[in-house]
Amino acid sequence: MTNVNNRKDVAGLLTRMREKAPLIHNITNVVVTNFTANGLLAIGASPVMAYAKEEVGEMATVADALVLNIGTLTADNVESMIIAGKAANAANTPVILDPVGAGATSFRTESIQRILNDVKISLLRGNAAEVSNVAGMEAEIKGVDSVSSLEDHAVIAVHAAKKIGVPVCITGERDVVTDGQELYYVGNGHPIMTKVTGAGCLLSSCLAAFIAVEDDIVRASVAGLAAYGIAAEKVVKSNPAIGPGSFQAAFLDELNSISEEDINQYKKIEGPQGE
Ligand code: ATP
Ligand code: TZP
Ligand code: MG
Ligand code: MG
């Protein structure tokens with residue numbers, strides 16, 4: 001596999017993404033719609049939100065990546081996601097799935113399974129509990145004292161990737177990405193990101209932008225995670241007392257200005273090839 005720790009490989013993907021300014025079709029939740037569109041613009045991609053059954057197939061076909069996010073799911077949206085996902089599959093457009101709140105209600109759990117049955121996804125990105133639910137691992141992880149330890153995240157991610165048959169990214173204090181064989185950790189980021197709703201949803205859409213220009217899903221995800229986390233770190237470094245409201249605005253500014261040099265200097269990536 002390509003050495004993702006190679007400076008040019010990881011940082012260079014940011015430039016490649018910006019040169020293409022990939023069109024990212026989002027079927028996402030009502031909480032994060034504006035933040036997601038602005039964040040994609042800031043990092044250098046082109047956002048579009050389209051939900052109607054009458055148009056999602058066409059939109060997914062012309063898009064460079066499709067993001068399915070179940071945060072505020074409706075029965076209509078599930079149908080739209082499946083139509084869009086099938087069209088994306090037919091057009092070889094990568095599909096990124098963010099299973100927000102999977103397991104919280106049976107509607108979410110069942111809808112995710114319907115989507116996975118009908119649509120071939122390229123990356124599943126969520127928190128540890130969501131990924132465990134999607135992979136049907138809740139019973140298996142029940143007796144475990146804590147499912148939040150970093151080791152647990154790696155075990156859950158590998159198990160889920162093997163079970164679902166697609167690369168998986170679990171985020172948190174340290175992010176994990178795996179295709180079920182190789183596993184990478186990305187340590188960039190800052191706890192203040194948990195105080196901004198949509199930090200995870202926007203991340204999924206930003207990862208879609210990187211995946212739109214790189215077929216190696218794990219490598220694209222590692223690059224996107226590092227860029228995203230470093231942008232947050234830079235905000236706090238320049239204003240250590242910043243609160244969530246100002247952080248949200250400053251984070252968009254930093255996504256806009258983050259450079260290859262920043263990634264080379266600050267990336268915290270651990271993987272099979274070492275750092
Ligand atoms: P949740 O529903 O658990 O809030 P989420 O979908 O919002 O999940 P997160 O896991 O919060 O997604 O990840 C969003 C971003 O925040 C990622 O870039 C991740 O690295 C970063 N992040 C989350 N928690 C921390 C933390 N404690 N320290 C550093 N970075 C973090
Ligand atoms: N409720 C439904 S979707 C949503 C909330 C609060 C946003 C979730 O965003 P994230 O990125 O998973 O924190
Ligand atoms: Mg969050
Ligand atoms: Mg989330």
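By convention here, each chain's residues receive numbers from 1 onward along its written sequence. By the order in which they are written, chains take letters starting at A while ligands take numbers starting at 1. Only residues with pLDDT of at least 70 are given local features in this predicted model, and only at 80 or more are side-chain atom pairs given and counted; all residues enter the totals for whole chains, interfaces and linings. The basis for the side-chain values is all heavy atoms of the structure; hydrogens and waters are excluded.

K.L.:
Explain the site of ligand 1 to me, please; I cannot follow it from the model alone.
P.N.:
Each residue is tested against the molecule or strand, and it is near if at least one of its non-hydrogen atoms lies within 4 Å. Not every one of the 16 residues close to ligand 1 is listed here, only the nearest: Arg-125, Asn-127, Thr-171, Asp-175 and His-190. A distance of 3.1 Å separates an oxygen atom of ligand 1 from a polar side-chain atom of Arg-125. Counted as a polar contact is a pair of N or O atoms within 3.5 Å, where, for protein atoms, one must be capable of donating a hydrogen and the other of accepting one, and residues adjacent in sequence contribute only when both atoms are in side chains. Taking Gly-200, its main chain carries an N or O atom lying 3.5 Å from an oxygen atom of ligand 1. The protein chains shown are the only cover counted for residues, whose accessible areas, like all others here, come from Shrake-Rupley with a 1.4 Å probe. Coverage of ligand 1 by the protein chains reaches 77% of its 600 Å² of free accessible surface. Only DSSP runs of H or I covering at least 4 residues are called helices, and only runs of E covering at least 2 are called strands; the numbering of each starts at the N terminus. Here the element with the most residues in the shell around ligand 1 is helix 9 (residues 199–211); it accounts for three residues. In this classification, Asp, Glu, Lys and Arg are treated as charged, Ala, Val, Leu, Ile, Met, Phe, Trp, Tyr, Cys and Pro as nonpolar, and every other residue, Gly included, as polar. The class makeup of the residues in the shell around ligand 1 is five nonpolar, eight polar and three charged.

K.L.:
Explanation requested: the packing of aromatic side chains in the structure shown.
P.N.:
Aromatic ring pairs: the centre-centre distance and the angle between the two ring planes describe each pair. Note on aromatic contacts: the rings of Phe and Tyr and the six-membered ring of Trp form a pair at centre separations within 6.5 Å, being stacked when their planes are under 30 degrees apart, edge-to-face when over 60 apart, and tilted otherwise. For the structure shown, the criterion picks out two aromatic pairs. Between Tyr-228 and Phe-251, the aromatic rings sit 4.9 Å apart at their centres with planes inclined by 90°, giving edge-to-face as the arrangement. Taken as a pair, Tyr-228 in helix 10 (residues 217–238) and Phe-251 in helix 11 (residues 244–257) lie far apart in primary sequence, 23 residues in all. We call a residue buried when its accessible area falls under 20% of the maximum for its residue type, exposed when it is over 50%, and partly exposed in between, using a 1.4 Å probe and counting protein chains only. Taking the relative accessible area as the measure of exposure, Tyr-228 reaches 3% and is therefore buried.

K.L.:
How should I be thinking about the UniProt feature "binding site: ATP" (unreviewed entry) in the protein chain in this particular structure?
P.N.:
The residues that UniProt annotates with the feature "binding site: ATP" (unreviewed entry) are Arg-125 and Thr-171. A maximum C-alpha distance of 7.6 Å places the annotated residues, which cover 47 residues in sequence, within one compact spot. The contact criterion used throughout is that any non-hydrogen atoms of two residues lie within 4.5 Å. Apart from residues lying up to four places away in sequence, Arg-125 is in contact with Leu-97, Asp-98, Pro-99, Cys-169, Thr-171, Gly-200, Cys-201, Leu-203, Ser-204 and Leu-207. Within the secondary structure, Thr-171 is located in the loop between strand 6 (168–170) and strand 7 (175–178). The exposure class of Thr-171 is buried, given its relative accessible area of 14%. If we skip the residues at most four places from it in the chain, Thr-171 touches Arg-125, Gly-126, Asn-127, His-153, Leu-203 and Leu-225. Within polar-contact distance, the side chain of Thr-171 engages the side chain of Arg-125 at 2.7 Å. UniProt positions are given in the numbering used here, feature names are shortened, and annotations may be inferred rather than shown by experiment.

K.L.:
Looking at this structure, I do not really get the site of ligand 2. What am I missing?
P.N.:
Taken together, the residues surrounding ligand 2 are Asn-29, Val-31, Val-32, Gly-71, Thr-72, Thr-197, Gly-198, Ala-199, Gly-200 and Cys-201. In this structure, an oxygen atom belonging to ligand 2 sits 2.9 Å away from a main-chain N or O atom of Gly-200. Contact with the protein chains hides 65% of the accessible area of ligand 2, taken as 380 Å² for the molecule alone. Each residue belonging to the shell around ligand 2 can be placed in one class, and the counts come to four nonpolar, six polar and no charged.

K.L.:
Mind showing me how you'd approach the sheet that holds strand 3 (residues 65–69) here?
P.N.:
Adjacent strands of a sheet pair through backbone hydrogen bonds, lying either parallel or antiparallel. For two strands to pair, DSSP has to find at least two bridges joining them. Across the sheet, nine strands lie side by side as 2-1-3-4-5-6-7-8-9; this open sheet has mixed pairing. Two strands lie at the open edges of the sheet, namely strand 2 (46–49) and strand 9 (269–270), each paired on one side alone. In the sheet, strand 5 (residues 123–126) pairs with strand 6 via three bridges, with the strands oriented parallel. Paired with Gly-126 across the strands is Ile-170, a residue of strand 6. Under this scheme, a helix contributes an axis fitted over its contacting stretch, all axes are lines through C-alpha atoms, and angles between N-to-C directions fall in the 0 to 180 degree range. Sheet strands in contact with helix 3 (residues 53–62) are strand 1 (23–27), strand 2 and strand 3, and its direction is about 150° off that of strand 1. Seen against the sheet, helix 10 touches strand 5, strand 6, strand 7, strand 8 (183–186) and strand 9 and runs at an angle of roughly 165° to strand 7.

K.L.:
Even after reading the chapter, I still don't get the nonpolar core, so can you show me in this structure?
P.N.:
One broad rule of soluble globular proteins: the nonpolar side chains tend to lie buried together. The nonpolar core is taken to be a set of buried Ala, Val, Leu, Ile, Met, Phe, Trp, Tyr and Cys residues, with the residues joined through side-chain atoms within 4.5 Å. Counting 55 residues, the largest nonpolar core has Met-17, Ile-24, Phe-210, Tyr-228, Phe-247, Phe-251 and Leu-255 as the members making the most contacts within it. Broken down by secondary-structure element, the contributors of at least two residues to this core are helix 1 (7–20), helix 2 (33–43), strand 3, strand 8, helix 9, helix 10 and helix 11. At 14 residues, the largest contribution of residues to this core is made by helix 10. What Met-17 contacts, discounting residues up to four positions off in sequence, is Pro-22, Ile-43, Gly-44, Ala-45, Ala-209, Phe-210 and Val-213. Leu-124, Ala-135, Ala-160 and Val-166 belong to the second largest nonpolar core, which has 38 residues in total.

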